[in-house]
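Given next are the chains, with one letter for each unit.
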Amino acid sequence: MASSAKPSPIPKQSVGPDYRPEKQKPTATVSTEVPFENVHTLSQTPQLIALLTMIRDKNTDRADFIFYSNRIIRLLVEEGLNHLPVVEHAITTPVGRNYAGVMFQGKICGVSIMRAGEAMEQGLRDCCRSVRIGKILIQRDEETCMPKLFYDKLPEDIADRWCLLLDPMFATGGSAIMAVDVLKSRGVPENRILFLNLIASPQGIENFAKKFPELRVVTAFIDQGLDEKNYIVPGLGDFGDRFYTM
Amino acid sequence: MADVVTQRAHYSPPWADVSIIGIAGSSGSGKSTLSHAIVSKLNLPWVVILSMDSFYKSLDEESSRKAFRNEYDFDSPDAIDFDVLVDRLRELKAGKRAEIPIYSFAKHAREKETTSIYSPHVLILEGIFALYDPRVLELLDMKIFCEADADTCLSRRILRDVEERGRDIKGCIKQWFAYVKPNFEAYVEPQRKVADIIVPRGVENRVAIGKTSLSSHTFQLTYGKVMVIQYIERKLIEKSKSHRAALKKLGQSSENDALSENVILLKQTSQVRGMNTIIQDIDTSAEDFIFYFDRIAALLVENALNNIYFKSVTVETPTGNKYHGLHATGETSAVVILRAGSTFETGLRRVLPDCKTGRLLIQSNIRTGEPELHYLKLPQDIRTHDGVLLLDPQMSSGGAGLMAVQVLVDHGVPEDKIVFVTYFAGRIALKGLTKVFPGVKVVVCTTVPDFEERWVASRYLGC
């Protein structure tokens, strides 16, 4: 049905819970598979696909766009946090039962790549109440067409923290690469950076995986590719505009 | 695999076989006084009075004019729509919800609205002709005939019609001699023969006339009335006993079964385990408990939504590309099992801020432990919804959950549209629920092997 001229195969499959017979599940395009171990794609559940369908649809208004994006972002944060370390921790329950649980370890902070990345801060705060959030502003230089760092403000002790780097759209990865370089220059080890994004391109994923093999990428969906303007295909348009100004 | 398809177990809620008591007798013989005395003596929401006045036929124009001139015979069996009455009684007997018409004496017609009756354990059918129609008699568990002398009846009737039905005294007296009295002899009196108990009108005239002073203290029960109350009390105890026994038996019979594939356990990621530790830790502060419970509740609701129904759609992105995705096929609503289920509402609103939400209050009886349905308010169109999330944070014996699903099924929600969402559940309770309702899906975060006393709601709500 998708009349895309792109050569990459479109992974269309039936989506639904295990107990439901295959022919009762509707089909949808799911995330493109990539061969990198440090890339973690959210489980392609029907609900996630439905949320992505809402935010991709050009007819979805801004209120709905914000709401459905936030739901995906929360799921991304929940998944991202699973990569943080925990230690054994035994407790007693209100009814006196012993429970061999775990306790969260390690300090974290968020780092949003302005402006679209700031849209993900709410979702992070929903899961981590008083998390510190640093900001990085990277813009495309008009003359060189290359990303340029304009501004950053990061927690002073960032080298001791796990960093959740936030940017919803992961196209070529130009600004994300620059942001990671900034974090590394402040002493954050690569393996303590988690890059959270909603929609990624296979090219961006590949660039990253090769350049930062120890950094983990958590994404909701890997799309088919990029168009000539380096927009993700099919993508959802400009995330920042749809979230903030359109 | 065929053997794995578990046999459906049967669950019968305490309202499935409602006991119906018919109370007939002449106008003014004390039927409704007796009914109300019984209800106020028992003071239970499961004993409901159904007045046959609700089943007067709507009058056509001519009959209506007659009625306003007090020339229509309301005291003949022809004035009663027995077909509708029998239908409604049969629905109630089957444990279903019944829509009872509302008759307007001012308009002599049925109102558009109806009153619904659902889940009484004992129903008192009260009316002049409660023991008249053989189809009704078949449905009655006890038949009572109220008797009083004609003078008393007339005076009581005048009082009632003037005070409650806006008639004038002259009209009342006219009706009495034209219709009431002859009808009594022809149709009312003969019902005496089929009655199990005949309750004579005696010492309580004083009370009956001074209606406002009616209470169980001033009301002196005659022997017949004591019998009625004892009968109902015995019935209620029997129903409660068999309900509890059925629940127990269900637990025992499913103890060794495997957990059904319809039970979806939240993936035990390190975050989920960490949150579980905080939530279960008795030393966790109320603030942290609520924060982490809300977070996990939102995750549970997100997971529950994977079990509703979707259809393929193709949408266009702002950049002109097509995406082949999914949309939910219909509306999803939620039903909260109070009180505990209200702890899920913050999580629910994060995911579905505007979903219609029904509420039902099920409390376990302090003495017997039997779950009892006290209150019920569901979205009008719930039967048309494509997904109904039933929310209760903790399944202990599973009795409340079973009852809640039964309520939804009785209201026309298909089993396979119901997703039961719970945080903490005993596996025996889970097995029981999926055995009785094999179409229902359950999404749960944590399971324990057996029954555990409820603690989630009191931690969340602080009392």
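Residues numbered from 1 in each chain as written. Chains lettered and ligands numbered in written order. Predicted model: local features only at pLDDT ≥ 70, side-chain atom pairs only at ≥ 80, totals over all residues. Heavy atoms only, no water.

Our working definition: UniProt positions are given in the numbering used here, feature names are shortened, and annotations may be inferred rather than shown by experiment.
Named according to an unreviewed UniProt entry, chain B is Uridine kinase originating from Lachnellula hyalina. As recorded by UniProt, the Sequence similarities (unreviewed entry) comment attached to chain B reads in full: "Belongs to the uridine kinase family."

Chain A is annotated in an unreviewed UniProt entry as uracil phosphoribosyltransferase from Lachnellula hyalina. The Cofactor (unreviewed entry) comment attached to chain A in UniProt states, word for word, "Mg(2+)". Quoted verbatim from the Sequence similarities (unreviewed entry) field of the UniProt record, the comment on chain A reads "Belongs to the UPRTase family."

**Here we look at the sheet that holds strand β7 (residues 197-200) of chain B**
Hydrogen bonds between backbone groups are what pair the strands of a sheet, and the pairing can be parallel or antiparallel. All names here are of chain B. Let me state the cut-off plainly: If DSSP finds at least two bridges between two strands, the strands pair. We count a stretch as a helix when DSSP gives it H or I for four or more residues in a row; a strand needs E for two or more, and each element gets its number in order from the N terminus. To define axes, lines are fitted to C-alpha atoms, for helices over the stretch in contact only, and angles between the resulting N-to-C directions are given on a 0 to 180 degree scale. Any two residues having at least one pair of non-hydrogen atoms within 4.5 Å are treated as being in contact.
In space, the five strands of this open sheet follow the order β2-β5-β1-β6-β7, with parallel pairing throughout. With one partner strand each, in any of the chains shown, β2 (47-51) and β7 form the two edges of the open sheet. Strand-to-strand, the axes of this sheet are offset by a mean angle of 25°, without reference to chain direction. Lying on the sheet, helix α3 (residues 82-93) is in contact with β1 (19-25), β2 and β5 (122-126); it crosses β5 at an angle near 170°.

**Here we look at the side chain of N321 of chain B**
Rules: For this analysis, a polar contact is any N or O atom pair within 3.5 Å, provided that within protein one partner can donate a hydrogen and the other can accept it, and provided that sequence-adjacent residues contribute only side-chain to side-chain pairs.
On the secondary structure map, N321 of chain B appears in the loop between β9 (310-316) and β10 (322-328). At 3.3 Å, the side chain of N321 of chain B forms a polar contact with the backbone oxygen of P234 of chain A. The residues touching N321 of chain B, leaving out its near neighbours within four places in the chain, are I232, V233 and P234 of chain A together with V315 and E316 of chain B.

**Some details on the packing of aromatic side chains**
Selection rule: Centres within 6.5 Å make a pair out of two Phe, Tyr or Trp rings, where for Trp the six-membered ring is used; the pair is then stacked when the planes are under 30 degrees apart, edge-to-face when over 60, and tilted otherwise. Think of it in three bands: residues with accessible area under 20% of the maximum for their type are buried, residues over 50% are exposed, and the middle band is partly exposed, with areas taken using a 1.4 Å probe on protein chains only. A ring is scored as having a charge over it whenever the NZ atom of a lysine or the CZ atom of an arginine sits within 6 Å of its centre and within 35 degrees of its normal.
Applying the stated criterion to the full structure yields 23 aromatic pairs over all chains. Judged by centre distance (5.4 Å) and plane angle (75°), the ring pair of F424 of chain B and W455 of chain B falls under edge-to-face. Highlighted residues: F424 of chain B in strand β16 (residues 418-426) and W455 of chain B in the loop between β17 (441-448) and α14 (456-461), separated in sequence by 31 residues. The class of W455 of chain B is buried, set by a relative accessible area of 3%. Connected via pairs of aromatic rings, a cluster forms that spans F289, F293, F344, Y423, F424, W455 and Y460 of chain B. Looking at R56 of chain A, its charged tip hangs above the ring of F221 of chain A, at a distance of 4.7 Å from the centre.

**Quick look at the domain arrangement of chain B**
Residue and element names in this part refer to chain B. Our working definition: Boundaries between domains were set according to an automatic or database domain assignment. In short, buried area is how much 1.4 Å probe accessible area vanishes from two parts on joining, totalled over both. Salt bridges are defined by distance alone: a side-chain nitrogen of Lys or Arg within 4 Å of a carboxyl oxygen of Asp or Glu. We call Asp, Glu, Lys and Arg charged. Ala, Val, Leu, Ile, Met, Phe, Trp, Tyr, Cys and Pro are nonpolar, and the rest, Gly among them, are polar.
Structurally, chain B comprises domain 1 (19-240) and domain 2 (257-461). One C-alpha centre belongs to domain 1, the other to domain 2, and the line joining them spans 43 Å. At the junction of the two partners, domain 1 supplies eight residues and domain 2 supplies 10 residues. Carbon and sulfur atoms supply 50% of the area buried between domain 1 and domain 2, which totals about 790 Å² over both sides. Counting every contact that joins domain 1 to domain 2 gives one salt bridge. For the salt bridge of K96 with D410, the shortest nitrogen-to-oxygen distance reads 3.5 Å. Joining domain 1 to domain 2, the criterion identifies four residue pairs in polar contact (both at pLDDT 80 or more). Partitioning the side of domain 1 that touches domain 2 into residue classes produces three nonpolar, three polar and two charged.

**Let's talk about the pattern of salt bridges**
Inspection of every chain in the model, using the stated rule, returns 37 salt bridges over all chains. D238 of chain A is the salt-bridge partner of R115 of chain A, the closest N and O atoms lying 3.9 Å from each other. Taken together, the positions of R115 of chain A in the loop between β6 (108-114) and α3 (121-127) and D238 of chain A in the loop between β14 (232-233) and α6 (239-245) put the pair 123 residues apart, joining distant regions of the chain. For R115 of chain A, a relative accessible area of 33% gives the class partly exposed. D238 of chain A gets classed as partly exposed once you look at its relative accessible area, which sits at 31%. What emerges from the salt-bridge pattern is a single network uniting K58 of chain A together with E316 and K322 of chain B.

**Looking at the nonpolar core**
Stated precisely, the cut-off is as follows: Nonpolar core, defined: a set of buried Ala, Val, Leu, Ile, Met, Phe, Trp, Tyr and Cys residues in which side-chain atoms within 4.5 Å join the residues together.
Counting residues in hydrophobic clusters, the biggest one holds 88 residues, and the most contacted among them are L198 and F239 of chain A together with I296, L300, L389 and Y423 of chain B. For this core, the element with the highest residue contribution is helix α10 (residues 286-304) of chain B, accounting for 11 residues. Excluding residues that lie within four positions of it along the chain, L300 of chain B makes contacts with L266, F344, V421, T422, Y423, V443, V444 and C445 of chain B. In this structure, A24, F55, F74 and L137 of chain B belong to the second largest nonpolar core, which totals 37 residues.

**Thoughts on the environment of I72 of chain A**
Residue and element names in this part refer to chain A. Within the secondary structure, I72 is located in helix α2 (residues 62-81). C-alpha separation for the pair I72 and M178, spaced 106 residues apart in sequence, amounts to 25 Å. Once you skip the residues sitting within four places of it in the chain, I72 turns out to touch L48, L51, L52, I55, L198 and A220.

**A short note on empty space enclosed by the protein**
Quick reminder of the rule: The pocket and cavity definitions rest on a 1 Å grid over protein atoms only: a 1.4 Å probe that fits but cannot leave marks a cavity, an open set with protein on both sides within 12 Å along at least five of seven lines marks a pocket, and residues lining either have an atom within 4 Å of a point. Grid points are joined across faces, edges and corners, and a volume is the space filled by probe spheres set on the points.
As enumerated under the stated definition, the model contains six cavities of 30 Å³ or more in all. Considering only enclosed or pocket space, the largest cavity measures out at about 70 Å³ in volume. Secondary-structure elements contributing two or more residues to the lining of the largest cavity are α2 of chain A together with α10 of chain B. Taken together, the residues that form the lining of the largest cavity break down as three nonpolar, no polar and six charged. By volume, the second largest cavity is sized at about 60 Å³.

**Some points on the UniProt feature "domain: Phosphoribosyltransferase" (unreviewed entry) in chain A**
Per the UniProt record, the feature "domain: Phosphoribosyltransferase" (unreviewed entry) sits at residues 43-244 of chain A. Counted over residues 43-244 of chain A, helix gives 33% and strand 31%. Its end C-alpha atoms are 28 Å apart.

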